[in-house]
Amino acid sequence: MNTAADILFGGLFQGSLYAMMAVGLALVWTTIGVFNFSHGVFMMLGAYLAWQFVALGFPAYVAFPLAVALMAGVGWLLQATVVRPLIGRANLVLVVVITTLAAGSLIENGALVIWGPRSKQVPPLLEGNITLGGIGVSLHQIAIIVITPIILAALWAFLNRTRLGLALRAVAQNEDASRLVGLNVTALYALAFGIAAALAALAGIFLGGYRFMTPVMGADPLLKALIVVVFGGISSISGPIFAAYVIGFFEAICSYYFGLYWTPALLFAALILTLMVKPEGLFTRSGRGFA
Amino acid sequence: MTAANLADAKPSRPAASAIPVGPGRVPWQREAVAIVIGFAVLALLPFVFTDSYSRHVLIMVFIYAIVASNWDLSLGYGGVFNFGHIALFGIGVYAYSLLTKLAAMDPWLAMVASGVIAVIAAVAVTIPILRLKGIYIILVTFGFAQLVMQVILSQSDYTGGTQGIVRIPSLYVFDHNMVRDGKFAYFYIALALLAASTVFLRAFVRSRTGISIVALRDNEDYAVSRGISLVKQRLITLAASAFFTGVAGAFYAAYQRNASVEVFSMSLGTIILSMVLLGGTSTIYGAIIASFVLTVFSEAMADFGAWRPIITALLILVVMLAYPGGIVGMLNAAMAVFSRRGSAGRG
Amino acid sequence: MLNVARLTVGYGRVTVLDGISMEAGRFGNVGLFGPNGHGKTTLLRAVSGLLKPRGGAVQFDGEDITGLTPRAIVGKGLIHVPQGNTLFPDLTIADCLALGAYSSRARPHEAANREKVLKLFPKLRERWRQRVRTLSGGERQMVSIGTALMSHPKLLILDEPTLGLAPKIKDELCKSVLDISKSGVPLIVVEQDVEFLLELTKHLYFVNHGQVETEIKPGENLAHSDIMAMYFGH
């Protein structure tokens with residue numbers, strides 16, 4: 001009984017985290033067609049900004065949205081400086097990988113200079129623990145499990161039910177045609193990046209609430225986000241979201257039976273196998289765009 | 001774009017291309033002379049830099065240059081988004097360490113063997129990604145690198161886990177005292193390795209195989225329809241890029257005399273990748289030059305603490321934003337201004 | 001209405017159009033024809049702002065629009081339907097038409113234009129919620145043109161609307177284009193099918209080697225065979 005509850009809860013929790021971490025990356029990839037390798041750093045920065053605002057005296061429910069909003073601005077800044085000027089170049093994806101890596105390194109070390117290497121913690125979304133189905137869980141984890149689908153649904157609604165979201169989807173599919181319909185492609189790129197950064201910040205706040213934060217905490221989530229996106233099929237946003245939960249459950253099961261140590265290796269092995277069999281990812285359909 | 005006329009200039013290509021066309025328009029004799037002269041100059045450096053520290057920096061430059069220029073082969077020429085290259089270096093490090101320490105193999109033999117093992121590993125990585133599209137390759141190769149690191153960490157009985165391996169037997173040159181000559185011997189060994197690697201890479205790039213991988217990179221469907229085997233060429237390219245990388249790793253272990261999983265870290269990988277891109281992909285020499293620039297630069301800032309990576313990152317950003325062709329692109333542009341030859345790209 | 005004066009356009013080191021001049025509107029619709037790869041599409045892309053010209057000027061409705069962004073040009077009512085119909089593969093027909101009315105100039109007329117488009121292309125109503133990817137070539141072309149009409153054009157440019165379509169679909173589409181013209185929208189049409197162009201307009205340009213080689217004005221009654229000779233003589 002406990003095993004099932006443990007795995008179920010663990011899977012939901014990890015899945016929600018991964019979904020939150022991956023969706024921003026997927027958004028930028030499907031819209032602009034580049035991989036933002038400072039995505040992990042965005043998460044870290046979001047967490048640190050939240051911590052800073054709390055340290056300045058703001059209550060959490062003010063500090064968190066403030067941090068998220070500020071990160072949206074950072075995302076805009078990043079794409080304006082190290083992504084947009086490169087559009088149209090040969091080998092865009094590769095060059096953007098290196099510029100976003102460099103920018104990420106810059107921000108990471110900047111954080112080190114500003115906040116120092118000692119670990120910090122952001123207050124959790126909700127304090128306290130309860131017992132659910134025989135296992136002890138924290139309210140923070142429950143909050144994450146509940147909030148994530150809500151945010152994802154909001155994103156879906158934005159993309160599929162608003163005019164602006166329609167514009168974003170159009171740009172993802174055909175840039176020239178978008179221009180000829182009068183869309184401001186540059187501004188839409190900026191919007192996509194801003195949203196992605198805000199989502200990353202939220203993921204960072206989730207992470208910071210139950211783990212210790214350090215300036216280098218972004219590396220692992222970046223890798224996980226990449227895995228989720230590729231696993232889920234890089235041509236849509238819903239694919240990675242499904243994949244996030246699948247991987248979350250896979251990890252929960254693996255950790256339970258094989259221990260935390262071997263789980264990453266097993267995950268990679270599973271990933272490689274999947275890609276050999278179904279190179280487009282698990283949940284993909286052909287063509288780029290949003291599903 | 002056929003393999004046949006790759007060597008000709010393509011005027012319709014936008015000038016700001018990060019990957020220049022073709023493997024080289026300079027006749028090989030002239031290039032050979034340039035290589036000889038270049039390395040002769042490098043060979044004189046220990047007489048200019050007589051202190052141990054400078055020579056150490058130069059040795060690290062050479063090691064990184066080997067890794068970076070070999071990465072240029074699979075990444076730049078082959079167009080394979082191979083993020084596992086750094087793992088080959090690490091494999092070389094650990095292969096050498098284990099062979100010399102546990103199997104008591106002769107260090108020179110172990111160095112060669114490490115290269116071979118790296119090649120085997122490269123072939124093993126290539127098999128899953130033989131037909132994948134670019135982006136997925138990033139992930140699988142990256143995952144492979146992480147996997148190797150995990151395995152090494154977990155087999156701590158042999159590999160020392162997070163502590164690494166120490167007191168690794170080093171190379172020997174007859175009876176020469178390798179320790180007290182101010183790194184003189186190590187310098188020349190490193191230089192010789194770099195020379196061998198560079199000659200090998202340039203020869204490969206000029207060969208028929210080299211041309212065919214560029215053809216595959218630039219227009220896969222067409223190349224395949226002309227009978228070039230994607231699978232075979234990718235395999236050969238990745239294997240070729242692995243040998244000297246593994247050897248460089250072995251040398252690194254022999255030189256530092258200890259090994260740790262640091263060599264698999266993303267930060268080292270990032271630096272080396274920067275050298276490849278900064279130098280300008282598809283040039284081989286670019287990576288070598290960038291290795292000089294970045295390593296020296298980085299060493300000069302050794303005391304700057306966290307500011308060092310910040311300034312390095314800024315340098316990378318500035319160059320990448322301003323010069324799509326990397327450092328080599330910069331040099332070309334400068335040369336064009338001086339010699340009025342127009343923007344004749346070098347291969 | 002549209003005036004192109006000595007326009008020079010190129011890609012990288014290659015110059016495609018070297019001082020080309022033409023005008024549209026004085027004699028009604030305009031047709032452009034000529035061998036492939038000789039600059040017609042490049043001309044259209046320069047006019048609609050996708051390409052920046054290196055020299056020369058473009059005037060629309062009395063205003064100089066040279067070098068403006070596509071967004072600004074769309075805002076003035078100059079709408080370009082590009083060649084090929086990849087469009088937006090994963091958007092539905094409903095989405096596309098809604099997208100067409102995105103600009104602030106077109107939005108007030110969205111409902112009215114949508115009715116007009118559906119009257120013109122009733123088949124789109126049947127497939128309203130289908131994604132463009134699943135449509136046939138002819139249907140996609142209808143969506144392309146329909147989307148452009150939603151942008152409330154003052155001048156509509158069609159680049160090879162019947163390319164790759166089966167003859168029967170071609171005829172239907174040609175009829176629709178004529179209907180659009182009759183409804184009062186000035187057109188510039190690039191086409192291989194010169195017969196169709198002749199039905200549409202008496203003002204034609206034969207574009208070859210990046211230049212206007214021949215301009216045929218209304219009243220100059222050129223025999224069909226002469227036109228064919230122009231075409232195949234090169």
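Our structure is the block above this text.
Colleague: Looking at this model, I keep getting lost on the pattern of salt bridges. Mind explaining?
Modeller: Oppositely charged side chains may form a pair once their charged atoms are brought near each other. All names here are of chain C. All told, the structure shown has 14 salt bridges over all chains when counted by the stated rule. In this structure, Asp-90 engages Arg-133 in a salt bridge whose closest nitrogen and oxygen atoms are separated by 2.2 Å. With a gap of 43 residues between them, Asp-90 in the loop between β6 (78-81) and α3 (93-100) and Arg-133 in the loop between α5 (122-126) and α6 (137-150) connect regions that are remote in the sequence. In this structure Arg-133 comes out as partly exposed when scored by relative accessible area, which is 32%. With its nearest N and O atoms 3.6 Å apart, the salt bridge here joins Arg-114 to Glu-110. One end of the pair is Arg-114 and the other is Glu-110, both in helix α4 (residues 110-120) and four residues apart, which spans about a single turn. Note on Arg-114: relative accessible area 23%, which makes it partly exposed. Here Glu-110 falls in the buried class, since its relative accessible area comes to 12%.

Colleague: Where do I start with the sheet that holds strand β10 (residues 211-216) of chain C in this structure?
Modeller: Backbone-to-backbone hydrogen bonds pair the strands of a sheet. The strands run either parallel or antiparallel. Residue and element names in this part refer to chain C. Pairing within the open sheet is mixed, and its six strands lie in the order β6-β7-β8-β3-β9-β10. Only two strands of the sheet have a single neighbouring strand rather than two, namely β6 and β10. Averaged over all adjacent pairs, the angle separating strand axes in this sheet is 15°, with direction ignored. Bridging between strand β3 (residues 30-33) and strand β8 (residues 187-190) involves three bridges; their strand directions are parallel. Bridge pairing links Gly-31 to Val-189 in β8. Of the strands in this sheet, β6 and β7 (155-159) are in contact with α6, which crosses β6 at around 170°.

Colleague: Hey, could you run me through the packing of helix α1 (residues 2-32) of chain A against helix α9 (residues 219-232) of chain A in this one?
Modeller: The geometry of a pair of packed helices is captured by two quantities: the angle between their axes and the separation between those axes. Residues and elements named next belong to chain A. It is at 8 Å that the axes of α1 and α9 come closest, and there the two elements cross at 75°. By the criterion of interaxial angle, the relationship of α1 to α9 is roughly perpendicular. Note on element contacts: α9 touches α1 through Pro-221, Lys-224, Ala-225, Leu-226, Val-228 and Val-229, opposite Tyr-18, Met-21, Ala-22, Leu-25 and Ala-26. Of the residues in the contact of α1 with α9, the class split is 10 nonpolar, no polar and one charged.

Colleague: What is the right way to look at helix α4 (residues 107-129) of chain B in this model?
Modeller: For an α-helix the count is 3.6 residues per turn, leaving residues at separations of three or four pointing the same way. All names here are of chain B. Its 23 residues give α4 an end-to-end C-alpha distance of 33 Å, which sits within 8% of 33 Å, the value for a rise of 1.5 Å per residue. Here α4 has its buried residues at Pro-107, Ala-110, Met-111, Ser-114, Gly-115, Ala-118, Ala-121, Ala-122, Val-125, Thr-126, Pro-128 and Ile-129. Of the residues that open α4, the one with a side-chain oxygen 3.1 Å from the backbone nitrogen of Trp-108 is Asp-106.

Colleague: Sorry if this is basic, but what is going on with the interface of chain A and chain B here?
Modeller: Interface size, as often reported, equals the accessible area lost upon joining of the parts. Taken together, the 42 residues of chain A in the interface contact 38 residues of chain B. Carbon and sulfur atoms supply 84% of the area buried between chain A and chain B, which totals about 3600 Å² over both sides. For the chain A face of the interface with chain B, the top three residues by lost area are Arg89(A), Leu94(A) and Ile98(A), together amounting to 18%. Joining chain A to chain B, the criterion identifies zero salt bridges. At the junction of chain A and chain B, the tally comes to zero residue pairs in polar contact (both at pLDDT 80 or more). For the side of chain A that touches chain B, the elements supplying multiple residues, two or more each, are α3 (60-83), α4 (92-115), α9 and α10 (238-277) of chain A. At 15 residues, the largest contribution of residues to the side of chain A that touches chain B is made by α4(A). Its residues assigned to classes, the side of chain A that touches chain B comprises 34 nonpolar, six polar and two charged.

Rules and cut-offs
Residues numbered from 1 in each chain as written. Chains lettered and ligands numbered in written order. Predicted model: local features only at pLDDT ≥ 70, side-chain atom pairs only at ≥ 80, totals over all residues. Heavy atoms only, no water. Salt bridge = Lys/Arg side-chain N within 4 Å of Asp/Glu carboxyl O. Helix = DSSP H or I, 4+ residues; strand = E, 2+ residues; numbered from the N terminus. Buried < 20%, exposed > 50% of the residue type's maximum accessible area, 1.4 Å probe, protein only. Pairing = 2+ DSSP bridges. Axes fitted to C-alpha atoms, helices over the stretch in contact; angles between N-to-C directions. Contact = heavy atoms within 4.5 Å. Parallel < 35°, antiparallel > 145°, perpendicular 65-115°, else oblique. Nonpolar A, V, L, I, M, F, W, Y, C, P; charged D, E, K, R; others polar. Expected span 1.5 Å × (residues − 1). Polar contact = N/O pair within 3.5 Å; in protein donor to acceptor, adjacent residues only side chain to side chain. Buried area = accessible area lost by both parts, 1.4 Å probe.

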